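# Structure at a glance
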Amino acid sequence: VNGNTTGPDISQACMRPCATDALPIMGQVPGVDGAYLAAGHNCWGILWGPITGLAMAELLDTGSCQEVNLRSFDPLRFCRATRAGGRGGRGRHAGTTAVGEQW
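A brief look at the structure comes next.

Cut-offs used in this document
- Residues numbered from 1 in each chain as written.
- Predicted model: local features only at pLDDT ≥ 70, side-chain atom pairs only at ≥ 80, totals over all residues.
- Heavy atoms only, no water.
- Helix = DSSP H or I, 4+ residues; strand = E, 2+ residues; numbered from the N terminus.
- Buried < 20%, exposed > 50% of the residue type's maximum accessible area, 1.4 Å probe, protein only.
- Contact = heavy atoms within 4.5 Å.
- Areas by Shrake-Rupley, 256 points an atom, 1.4 Å probe, with all protein chains shown as cover.
- Core = buried A, V, L, I, M, F, W, Y, C linked by side-chain atoms within 4.5 Å.
- Patch = residues over 30% accessible without salt bridge, like charges linked within 9 Å, V, L, I, M, F, W, Y side chains within 5 Å.
- Salt bridge = Lys/Arg side-chain N within 4 Å of Asp/Glu carboxyl O.
- Expected span 1.5 Å × (residues − 1).
- Bend = angle between axes of the 7 residues up to and from the residue.
- Disulfide = S-S within 2.5 Å.

### Here we look at the overall build of the protein
Assigned secondary structure in the protein consists of one helix and two strands. Counted from the first residue to the last, the protein has its helices and strands arranged as β-β-α. Expressed as a percentage of its 103 residues, the buried residues of the protein come to 23%. Taking the contacts inside the protein whose residues are at least 6 apart along the sequence as the reference set, 53% of them involve residues at least 24 apart. As displayed, the protein offers around 7700 Å² of accessible surface, 56% of which is attributable to carbon and sulfur atoms.

### A word on the environment of Gln28
If you trace the backbone, Gln28 turns up in strand E1 (residues 25–28). For the pair Gln28 and Pro75, spaced 47 residues apart in the sequence, the C-alpha separation amounts to 7.1 Å. Those residues in contact with Gln28 that lie beyond four places of it in its chain are Asp33, Gly34, Ala35, Tyr36, Leu59 and Pro75.

### Let's talk about the nonpolar core
Listed in full, the eight residues of the largest apolar core are Met26, Ala55, Met56, Leu59, Cys65, Val68, Leu70 and Phe73. Not counting chain neighbours up to four residues away, the residues in contact with Met56 comprise Met26, Gly27, Tyr36, Leu37 and Ala38.

### Brief notes about a nonpolar patch on the surface
Residues Trp44, Ile46, Leu47, Trp48, Ile51 and Leu54 make up a contiguous nonpolar surface patch of about 630 Å² in total accessible area. Locating Leu47 in the fold gives a position in helix H1 (residues 45–62).

### As for H1
Residues separated by three or four positions in an α-helix point in the same direction, a consequence of the helix having 3.6 residues per turn. The end-to-end C-alpha distance of H1 is 24 Å, a good match for the 26 Å that 18 residues give at a rise of 1.5 Å each. Bending of H1 peaks at approximately 35° at the position of Ile51. Of the residues making up H1, those classed as buried are Thr52, Ala55, Met56, Glu58 and Leu59. The elements touched by buried residues of H1 are E1 and strand E2 (36–39). Just downstream of H1 lies Gly63, where phi reads positive at about 90°.

### Structural notes on unusual backbone geometry
The backbone phi angle of Ala22 is positive, close to 65°, even though this residue is not glycine. Along the chain, Ala22 turns up in the segment before E1. For Ala22, a relative accessible area of 24% corresponds to the partly exposed category. For Asn42, which is not glycine, the phi torsion reads 60° and is therefore positive. Inspection of the secondary structure assignment puts Asn42 in the loop between E2 and H1.

### Focus on the state of the cysteines
Taken as a whole and judged by the stated rule, the model has zero disulfides. The thiol of Cys43 is not disulfide-bonded; the next cysteine sulfur, from Cys18, is found 8.5 Å away. When its relative accessible area of 29% is taken as the criterion, Cys43 is described as partly exposed.

Dropping the structure here:
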């Protein structure tokens, strides 16, 4: 642009991280004191940002979240010992679990 032949000034990947069950990962990292996750919101991250920030601030401040039930988003759901029936997978391979958008 404007005579620039060296290439673009900005490069973007537009990654939309998504967990295998298509739900965000929010909560304390198992086995790591003081470590928390709020990630994997896929293409909804910009819309869920305000409530995610509120929920995580409450979790960090008080140790629990009253504003949002974070049980479905718990990072522990990926630990083999906590999976219902031990069945996992991605997309069609997740069994009868509704997985949302998958690319």
